[in-house]
Every structure is written in structure tokens, then in C-alpha cells.
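Summary of structural features
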Amino acid sequence: MVVEIDMEPTQQQREQLRQLPSMTNLLDDATVKSWLVDNPRTLVVSALDRAIENARQNVIDSGMPADLAAIIDDARTILQTRAASSIRRVINATGVVLHTGLGRAPLSDAAVKAVTECASGYCNLEFDLESGARGRRVNHVASLLCELTGAEAATVVNNNAAATLMILNTVAQGKGVIVSRGELVEIGGSYRLPDMMRASGAQLCEVGTTNRTRITDYENAIDDNIAALMRVHTSNYRVVGFTQAVEIEELAALGRKHKLPVIDDLGSGALFDLTSIGMGEEPNVRASINAGADLVCFSGDKILGGPQAGIIVGSKNWIDHIERNPLMRTYRVGKMTLAALEATLQNYRDETQAIESIPSLAIMSAPLEALQQRAETLHRMLIKKLPDEDFQVTKAKSAVGGGSYPGRELETFCVTWQPKNKTIDETLKQLRTGTPAVVARAQRERILFDIRTISEKDHRSLADCITSVNNECSM
Ligand SMILES: *Cc1c(COP(=O)(O)O)cnc(C)c1O
């Protein structure tokens, strides 16, 4: 590293720089020698190098001489930070079930097992074991998807944004697609339907108004340039009040009449009617296929509760066209995604099994009494460890998140904490930067740990994190 020195070092600084330990001194130290047991020498030397440089800079900037022990401490931190993973486990105490920032859906045990098996060795990703010939990677999930949705054909891409883009590019490049003005969605900032439409090469043809669109609005806009009709689920907002929207049945009938494909971007993609778990508002895929939509797309990691993926189901003819599109190669999924998706879909063959084994469904449908019990268990654990701190159990509301169930609040229980010795912001930061990281929220001078998204097997490690943050000195 080159250090820019504006001013000549003073006589005293020169003396201090001369007294800094050398690399040879440091490598002779017993502590440093012990690091060499577990760490490659090059990494140790590079950390020491950086620590010496930091010490030199300190002398120049502030005339602060560093001793051997301080430099070794600094080198230890550098070595540890460089070895730590950037992407790591987080305890989600926000209560947001499908938190995009925290990786959306946690995978089921079966999905994790499938991923591990395929990832650690070879697998038949594109290989037909019967014939020994080259196979298609999406075959592993296509027939399951057809069985679960009633569709004729299915394919999978990297996420639902890619699914929309692939559909629009295949069906309507250079042509118009009719969408209601009430459905021009933006999902999490970087996904905006009009931009996606432009990127796909299709032209957006807006009809109706923000609050009311009728079937005649679509019909009047049909001309030779129109290649498709599209419905977009208003995943993360609701238009309420004086409203009117066209149902997918009606749109599908209009499409048939004019021989135009009808696209349904469902966003979340519930695979069955979730009324049974009190979450019936999201449209389900089978209903859309039954209503006559030609192409339906949805995310793998929203309500479905699987890996990040974009699933497209619909008529064989259109799915074949999509698969022949050269862009398909740029959005194809890897073996880990397919393994996780297949295992997740297997669980959907039985609704009861799906609700029990797919974490996002289990988390959404957790009964309030169970949440209260879990909150009380965690609370007892905490007051036992930190009897002088102020912990309480409170009723609160959680959101589903991930662009689904807008405005819907789930009753929940939280353990709340008002730290005695430090500020809320400082405590939240120390929780976030601990191991494992804990992400929580604050409300009225208290920190809320929403029990809904905290797995029972994480109670002990959460209590340990809270204890060590409490004992950490203030910054
Ligand atoms: C979430 C969503 C998308 C984008 O899906 P990703 O899987 O996040 O790429 C597109 N359309 C709708 C309606 C959505 O809700």
C-alpha cells in the first residue's frame, strides 16, 4: 500500500516508525506461531502486513505509537474478517414471512436434503438414466408441475421476472400486449412491468383507468398489432373503493374469440386454495389454468415456499415456443434449484403434508396459541439469563411480505426488550453483526422479536445472542 504523506514526518514520528515491530519480530511471536497451525502462512503474513501498515498510518495521522500486542490484535481481526463468509445465516425476528432481504422462503428439510445430495457430487441433471441419452433438465419437475396445476406443459427459469420476460419476448416481440392501467405493478424497486415489457421487445398497450377496467376496454384495443392479452396480479397493493377489474375467465374468453394468447402473471403462485389455512386471498394457479389462461407464471420462492425460480405453466404449444427461444439458455436454472424445487413440489401432492412440511406455509398458518406458548418459552429463557433486563411478551401484527397479501396482518406474539445499558439503534446493530446475525425491529423504544419467524430450534442461540449483546460494552 502506498501511503501519501502530505507533511514530512516529525523527528518524533520518525523515531516511532523506526520502533514498529518488523515482520520477523511478529512471526517470532508465540501467538502468531499458533495461528500458523490452522491458517496458510501467506494469509497470516498478509494480515500482519496490513496490521503493520495500519500502525504506520496511525503514527503518521495521529502520532499514536502501536505496541506489538496491539498490532497482533489488529492482525487477528483482519485474519478473522477475511476468513468469515459474507453471506451467512440470519435469525429472522422481523415476523415478515417472505422477507426478500433475508432470502424469502426457508426450504423444507426434504428440499435441503435434495440440494445437498445433488450439490456434493454428480447428478442426472441433463441425462436420461433409462436410455443413457442426453435429457432435458426441466423434465425433473415438468410433469409434477402439470399434475399440480392441471396444465398441459411447464418450464422453469431463474425467477418470475425472467418468466415474464421470456413469455413476452416469445409471444409478443415487436408487437403489442394489452394490460389494464390498474395492474402496472412495481415489485421491490427494480421490477416495473412497463420496463420489463420494453426490455422484452414487446409494446405495452394500456387500457382502462387506475381503478376501473372493463372487458370492452380490452376488446376495443385489439387490432392487428396486438399479440397477447395480459393480466398481472396486483401482488403488493390493492385498489379499493369504486373499482372494477376483468376476471381471468372473461379475459380468456376474449382471447379465444380473437385467437390471442392470454398471459396471467400471478406473482406468488399458491398451488392450492389456501383458504384452508386462512390465507385464501391469493389466486391459485390451477384456477387460472381452469379459467383458460394460455400461459401462467409465478415465483418459486414466494407463497410456494421453494427455491428462487420462475415457473411457467400453460399450453404445450406456447411452452414449446418458449423453450426454443434462444434467450431460454440465459435464464436456465441450475441443479440445486431443480433439486430443491422437485422436493418442494413432491410435498404439494398432499395438501396436509404441504402445510406441515413447507416452512413458509407452516409459518403463515401457525395458530396464535402456539405462537403465544413459544413467546413465553423464549421469555422465560431470557429472564433466567438476564434477570435485570426488561423483557415482556406482547401481542403484535406480522406481515407476509415478499410481494403478497398486501395490507394483510397476521396476529402474532413478540418478546420485547428495552435494554437498560444502551440505545435501541446500538443494540439492533450489535444484534445484526453478531453470529448468527439477528434482524429485529423496534417500536416505541422497545426491540421486538416476532416469534412467528423464529424457528423453535433457534431459541437457544437467539437467547445467547441477546445475552452476549447485552454484555458487550457500549461503542
Ligand atoms: C414478485 C413478482 C414478480 C417478480 O418475481 P421474482 O420471482 O421476484 O422475480 C413479477 N410479477 C409479479 C406480479 C410479482 O408479484
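Quick notes on the rules
Numbers given for residues are sequential positions, taken from 1 along each chain in its written order. A pLDDT threshold of at least 70 governs which residues receive local features in this predicted model, and a stricter bar of 80 or more applies before side-chain atom pairs are shown or counted, although totals over entire chains, interfaces and linings include all residues. To obtain the side-chain values, all non-hydrogen atoms of the structure were included, while hydrogens and water were left out. Boundary definitions for the domains trace back to an automatic or database domain assignment. Near residues are defined by distance, with any heavy atom within 4 Å of the molecule or strand qualifying the residue. By the criterion applied in these results, polar contacts are pairs of N or O atoms within 3.5 Å in which, for protein atoms, one can donate a hydrogen and the other can accept it, and in which residues neighboring in sequence qualify only through two side-chain atoms. Per-residue and other accessible areas follow the Shrake-Rupley method at a 1.4 Å probe size, with only the shown protein chains counted as cover for residues. Runs of H or I in DSSP of at least four residues are treated as helices and runs of E of at least two as strands, each being numbered from the N terminus. Each residue gets one of three labels, nonpolar for Ala, Val, Leu, Ile, Met, Phe, Trp, Tyr, Cys and Pro, charged for Asp, Glu, Lys and Arg, and polar for the others, Gly among them. What a helix should span is 1.5 Å times the count of its residues minus one. Note on contacts: a residue pair qualifies if any of its non-hydrogen atoms lie within 4.5 Å across the two residues. Note on geometry: axes are C-alpha line fits, over the in-contact stretch for helices, and angles between N-to-C directions span 0 to 180 degrees. Under this scheme an angle from 65 to 115 degrees is roughly perpendicular, one under 35 degrees roughly parallel, and one over 145 degrees roughly antiparallel; angles in between are oblique. A clockwise turn of the near helix away from the far one marks a right-handed crossing, whereas an anticlockwise turn of less than a right angle marks a left-handed crossing. Using a 1.4 Å probe on the protein chains alone, a residue whose accessible area is under 20% of its type maximum counts as buried, one over 50% counts as exposed, and one in between counts as partly exposed. Along the arc lie the directions from the helix axis toward the C-beta atoms. Here a cavity is any set of points on a 1 Å grid over the protein atoms alone where a 1.4 Å probe fits but cannot get out, and a pocket is any open set with protein on both sides within 12 Å along at least 5 of 7 lines; a residue lines the site when it has an atom within 4 Å of a point. Grid points are joined across faces, edges and corners, and a volume is the space filled by probe spheres set on the points. The salt bridge definition used is simple: a Lys or Arg side-chain nitrogen within 4 Å of an Asp or Glu carboxyl oxygen. Strand pairing is defined by DSSP finding a minimum of two bridges between the two strands. Buried Ala, Val, Leu, Ile, Met, Phe, Trp, Tyr and Cys residues that are joined via side-chain atoms within 4.5 Å together make up what is termed a nonpolar core.

**Re the domain arrangement of the chain**
- Domains assigned within the chain are domain 1 (11-83), domain 2 (90-99 + 363-474) and domain 3 (108-357).
- Each of domain 1 and domain 3 was reduced to a C-alpha centroid, and the two centroids are 56 Å apart.

**Details of the site of the ligand**
- Inspection of the region around the ligand gives 13 residues, with Arg-104, Ser-235, Asp-265, Ser-299 and Lys-302 positioned closest.
- Here Ser-235 contributes a side-chain N or O atom positioned 2.5 Å from an oxygen atom of the ligand.
- When the free accessible area of the ligand is taken as 380 Å², the share hidden by the protein chains comes to 94%.
- Going through the elements one at a time, α8 (160-172) and β8 (262-267) are the ones with two or more residues in the shell around the ligand.
- For the shell around the ligand, a count of residues per class yields 4 nonpolar, 6 polar and 3 charged.

**Concerning helix α4 (residues 41-62)**
- Its 22 residues place the ends of α4 31 Å apart at the C-alpha level, agreeing with the 32 Å of an ideal helix rising 1.5 Å per residue.
- Where α4 is buried, its residues meet α1 (11-19), α2 (23-28), α3 (30-38) and α5 (68-83).
- Positive backbone phi, at 60°, marks Gly-63, one or two positions downstream of α4.

**So, the packing of α1 against α4**
- Between α1 and α4, whose axes approach to 10 Å, the crossing angle comes to 165°. Classified by the angle their axes make, α1 and α4 are roughly antiparallel. Where α1 crosses over α4, the handedness of that crossing is right-handed. Residues Gln-13, Gln-16 and Leu-17 of α1 lie in contact with α4, whose contacting residues are Arg-56, Val-59 and Ile-60.
- Here the contact of α1 with α4 is built from residues that sort into 3 nonpolar, 2 polar and 1 charged.

**Things to note about the pairing of strand β2 (residues 153-157)**
- Burial within β2 is extensive, with 5 of its 5 residues counted as buried.
- Along β2, one buried face is formed by Ala-153, Thr-155 and Val-157 and the opposite face, lined by Ala-154 and Val-156, is buried too.

**Examining helix α6 (residues 109-119)**
- Taken as a whole, α6 has its buried residues at Ala-111, Ala-114, Val-115 and Cys-118. One side of α6 holds all its buried residues, which, seen down the axis, span an arc of 100°. Turned more than 90 degrees from where α6 packs its buried face, Asp-109, Lys-113 and Glu-117 sit exposed.
- Those residues of α6 hidden inside the fold are in contact with α14 (335-347).

**Quick notes on the layout of surface pockets**
- As a volume, the second largest pocket reaches approximately 560 Å³.
- Secondary-structure elements contributing two or more residues to the lining of the second largest pocket are β7 (226-232), α11 (248-257), β8 and α12 (285-290).
- Classifying every residue of the lining of the second largest pocket gives 10 nonpolar, 12 polar and 7 charged.

**Observations regarding the pattern of salt bridges**
- Under the criterion given, the structure shown has 22 salt bridges.
- We note a salt bridge from Lys-397 to Glu-411, for which the minimum N-O separation is 4.0 Å. Pair noted here: Lys-397 is in strand β11 (residues 390-399) and Glu-411 is in strand β12 (residues 409-418), with a separation of 14 residues, a long-range link.
- Three or more residues joined by partner-sharing salt bridges are found here, namely Glu-126, Arg-134, Arg-137 and Arg-332.

**Description of unusual backbone geometry**
- Residue Thr-435 is joined to Pro-436 through a cis peptide bond whose omega torsion reads -10°.
- You will see that Arg-104, though not glycine, has its phi angle at about 50°, which is positive.
- Within the secondary structure, Arg-104 sits in the loop between β1 (90-92) and α6.
- The residue Tyr-405 is not glycine, and still its phi comes out positive at about 50°.
- Within the secondary structure, Tyr-405 sits in the loop between β11 and β12.
- A residue is classified by how much of its surface remains accessible, and Tyr-405, at 2% relative accessible area, is buried.

**Some thoughts on the sheet that holds β11**
- Ordered in space as β11-β12-β15-β14, the 4 strands form an open sheet in which the pairing is antiparallel. The open sheet has two edge strands with one neighbour each: β11 and β14 (441-443). Neighbour to neighbour, the strand axes of the sheet diverge by 40° on average, direction disregarded.
- With 3 bridges connecting them, β14 and strand β15 (residues 446-450) associate as antiparallel partners. Bridged to Gln-443 within β15 is Arg-446.

**Considering the packing of helix α7 (residues 139-149) against α14**
- Running from amino to carboxyl end, α7 crosses α14 at an angle of 30°, the nearest separation of the two axes being 10 Å. Classified by the angle their axes make, α7 and α14 are roughly parallel. Handedness of the crossing formed by α7 with α14: left-handed. Where α7 approaches α14, its residues His-140, Val-141, Leu-144, Leu-145 and Leu-148 are matched on the opposing element by Leu-338, Leu-341, Glu-342, Leu-345 and Gln-346.
- Looking at the contact of α7 with α14, its residues break down into 7 nonpolar, 2 polar and 1 charged.

**Considerations on the nonpolar core**
- Among the nonpolar cores identified, the biggest contains 59 residues, and Ile-178, Leu-274, Val-313, Leu-345, Tyr-348 and Leu-361 are the most heavily contacted of them.
- The dominant element in this core, judged by the number of residues it contributes, is α7, at 5 residues.
- Built from parts of two domains, this core gets at least three residues from each of domain 2 (90-99 + 363-474) and domain 3 (108-357).
- Setting aside chain neighbours within four positions, we find Tyr-348 in contact with Leu-148, Leu-271, Phe-272, Ile-303, Leu-304, Ala-354, Ile-358 and Leu-361.
- Membership of the second largest hydrophobic core comes to 31 residues, among which are Ala-153, Ala-162, Val-185 and Ile-263.

**Digging into the environment of Ile-60**
- Here Ile-60 shows up in helix α4.
- The class for Ile-60 is buried, based on a relative accessible area of 17%.
- Note: C-alpha distance between Ile-60 and Ile-312 (252 residues apart in sequence) is 61 Å.

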